[in-house]
Every structure is written in C-alpha cells, then in structure tokens.
Amino acid sequence: MLDYLVQSRDQTYPELVSEIEAQGGTITARHLSRLASGAVSTTYRGHPSTRRAIQQVFGRPFQELLAPYEPGQISPAAPSGGRPLTGDQREVVEMAASRAKRFALDAVQTGLTDEAMEQVYDDVRHIARAYPQRPLSEILGPLVEAQDTLFTLLEGNQQPNHARQLYFLTGITSGLLAKASHDLANPHAALTQARTANLCAERADHPGLRAWIFGIRSLVSYWAGNPHDSLRYAQSGIAIGADNTTAIWLPVSEARAWAALGNAQMVHDALQRAEDAWSLVHPDDLDALGGICTFGRSRQLYYAAEGLAQIPSEAADAERYARQAVEAYSDHDNPEWAFGDASGAHTDLAITRVTQGELEGAREALSPVLELPADRRINGIIASVKHVHEAIRRSDRRADADARDLQEEIETFTRVPMQALSQQ
C-alpha cells in the first residue's frame, strides 16, 4: 500500500522524508524506500513518533501501509493522502527528467557509463550553484537525493576513474549537507556530514576538496560559538596547501575566528595573507562547479567586514569593507550573489554604525535583512542579526527610544527562524 501511495503522489523519497520529519518523525529516504518495497516485515513497528508521522502523512494506519495493495482499494484518480496534479508545466518537465535520470542510473548494472557520470555531475553542479541563491527548502530535497544516489553508486562495482569522481562528488554533497545542517542550527549533524565529506575527499585524493571541507568546518564552528575550533579548522585547511580559491576562504575564516577572540593584529595579518594568496590561486574542478564551491571577491569583502566589525576599535575599517561588500552584493544577477552573505554584509554595516552611534544609519543598513521571509532566515543570518542587538546593548545609546525600537524589531525577526518552519 505504501509503495502505491508513494507512486501516486509523484514525490521523491527525500521530499516525503521532509514531510514525515515535519510531523515529528525520523527516517531516512533509504529506509522509507525499503518499507515501500516490502523489504521490511509487515510486523515491523518502528519508533512510535515516526510511525505516527507516517500515518499522518499518508492518512492510513501504519500496518495497513505495509500490507499488500489490493486493486480497487483506492481510486487511482484520488489516492488517499495524495496530491492532485497541478498542471504546472515546469513541475511536469522536472518530474519527467527525474524519472529519466532514475531509469538511466538504474540501468547501470556493472558500472557507470560516461553519460550517467555526466548526469550525476550535472546534478551536483546545479545544486552547488543554486544553494547560495535559493531558499534551503528548495535545495534540501534534491541535495539529500543526490547524496543518496552517490552512496548507492559507490556501493556498486565502479571503474577506478569513476569511483574517484564519485568520491569527489559525494564529498561535495556531504559538505553541502554540512552547510545545510548548519543553516538549520544543527552543528552536530553538520560536523558529522563534514567528517564523511573529508573521508570522501581523501579517497578522491583531492587536496582542494579537503581544504574546502575544513572551510566548512571552520564556518560551522564559528557560528556555533566555538572560535578556537574555527581557528584550528581554518589553519588545518591552510596547512594542506591547496591552490584553488579555498586558499582565500581559509585565511579570511581564520581572520574571523581571531576577531571573535579579540585579536585585532592577527585579524589584519590573516586578511593580508588572503589578499596575497590571490596571486597564487589556480581554480580547479571544485571551483568549476561554481556557487558555494568557489570563493570570490564579494565573499572576501564580507568576511573581512564580519571579522573587523567585532572589534570596536576597527569600526572605520569594518565600515569600509562592509560598504564594499553591500555594493558587491547589490546585483542579484551576479553569479557571486548569495542572500546569506549579502545579509551578513548588511548586518556588519549596521554593527559598525551602532558602534559609531549612528542608530538611524544602522536601521537603514539592517532594513533589507529584517524584510527577509522566514524561509531565508538561516542560522547564520539569525546569529548576525542578534549581533546587531548585542552591539546596541553595549552602545552608549542603548537607552534611547530608537535603540529600543530597533531591538524590538530584531527580536520579532529572530522569533521565527527558518528551522521553526518545519515545526509548524
């Protein structure tokens, strides 16, 4: 019955998992697939919360879902718990493409063909480029599905050259899922994904990817409030000696960690090393994926502003970098545009203005961030906005009515972070 309902809904397993998790359940796409395929005994009960969530999503008792489907039980035109076709042409095309992709991959019995390898690569590249610019709710399902596909392919018998490429792509998807876990304020899951990503990078023998994963680890640790770990990860990545654009990301990540530790001199030293590294950069196949897999000038400006904004004595330099970063992210059509980093640049500019006693200027800088819909209020943005709140609390104008009003706006904004959406 479960298999019939899954097919009737025209959804992927990762999408269904997201719905089940929204109802309080915990299950992987692979395990849900096993339940639907009949690979699990009909006496299986599972965890009570997951069982209830699955029943809620599909609208039938759990044991009935595991029982054989009998023709005529459900009208094909309106399956219980299913979704009617919307007629949206883009959705229809994407569904057809997804089905064609599954057929091509399932048809590979003894190893990947070059065409199938190209399809997998294209999927990962699409996600990498979309990640910084689209809400996570649109990215997470395809990302989980891509990782699951790669895991499955790696479990098969692949040619050595294809296996290396698969490990490379699996390292990237696991790194992206580490970032996604961080965006949902789950640093434990993020670092777990990062460890798997690092294992894959080692098996792919790809120093640039290993360095990039250390950048992910540094980022997760920084926003989790662990600057010493963030610093250690950044420095470990630098020690690898990669010459892709991660060679810029890691020293500015180090600068940000030093700023959290209050060491202005080390911040400037790290920022200078990042600038010097541009002359040595040679973009590689990781950079070629684009999006979150490469590091450009815009992000460099944002990271510099983020670091210096934490040190009151550096407010002038921080404002200069923040202004440049805000300008760099003003063009939404630029391939480097990223809503998270753009928001971070605005919050850094707001902090520097608070530090200089310019509350109206701070409100103006922060206004575009406070207008973000809830599905874009990722963990880093929430934390950045809270930094503005804290800067106001420490400022000489904290007792002003304008200061209190801005703090109340911030509190209202942070009350509904993105991860709260899955609980509604």
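The text that follows walks through the structure, step by step, so that each part is easy to find. Quantities reported herein were computed from a predicted structural model and do not represent experimental measurements.

### Points about the packing of helix 20 (residues 379-394) against helix 21 (residues 401-414)
The angle between the axes and the distance between the axes are what describe a pair of packed helices. Here helix 20 crosses helix 21 at 160°, and the two axes come no closer than 10 Å. With respect to each other, helix 20 and helix 21 are oriented roughly antiparallel. Seen along the crossing, helix 20 lies across helix 21 with a hand that is left-handed. Contact residues: helix 20 offers Ile381, Ile382, Val385, Lys386, Val388, His389, Ile392 and Arg393, while helix 21 offers Ala403, Leu406, Gln407, Ile410, Glu411, Phe413 and Thr414. Tallied by class, the residues present in the contact of helix 20 with helix 21 amount to 9 nonpolar, 3 polar and 3 charged.

### Considerations on the environment of alanine 257
Residue position: alanine 257 is located in helix 13 (residues 246-260). A C-alpha to C-alpha distance of 8.6 Å links alanine 257 and asparagine 226, two positions 31 residues apart in sequence. Discounting chain neighbours no more than four positions away, the residues touching alanine 257 are Pro227, Ser230 and Leu231.

### Quick look at the nonpolar core
Among the nonpolar cores identified, the biggest contains 101 residues, and Ile172, Trp212 and Leu366 are the most heavily contacted of them. No other element matches the 9 residues that helix 9 (residues 160-183) contributes to this core. Contact partners of tryptophan 212, with chain neighbours within four places excluded, come to Gly171, Ile172, Gly175, Leu176, Thr246, Trp249, Leu286, Ile292 and Cys293.

Analysis parameters
Residues numbered from 1 in each chain as written. Predicted model: local features only at pLDDT ≥ 70, side-chain atom pairs only at ≥ 80, totals over all residues. Heavy atoms only, no water. Axes fitted to C-alpha atoms, helices over the stretch in contact; angles between N-to-C directions. Helix = DSSP H or I, 4+ residues; strand = E, 2+ residues; numbered from the N terminus. Parallel < 35°, antiparallel > 145°, perpendicular 65-115°, else oblique. Left-handed = near helix turned anticlockwise from the far one by under 90°. Contact = heavy atoms within 4.5 Å. Nonpolar A, V, L, I, M, F, W, Y, C, P; charged D, E, K, R; others polar. Core = buried A, V, L, I, M, F, W, Y, C linked by side-chain atoms within 4.5 Å. Buried < 20%, exposed > 50% of the residue type's maximum accessible area, 1.4 Å probe, protein only.

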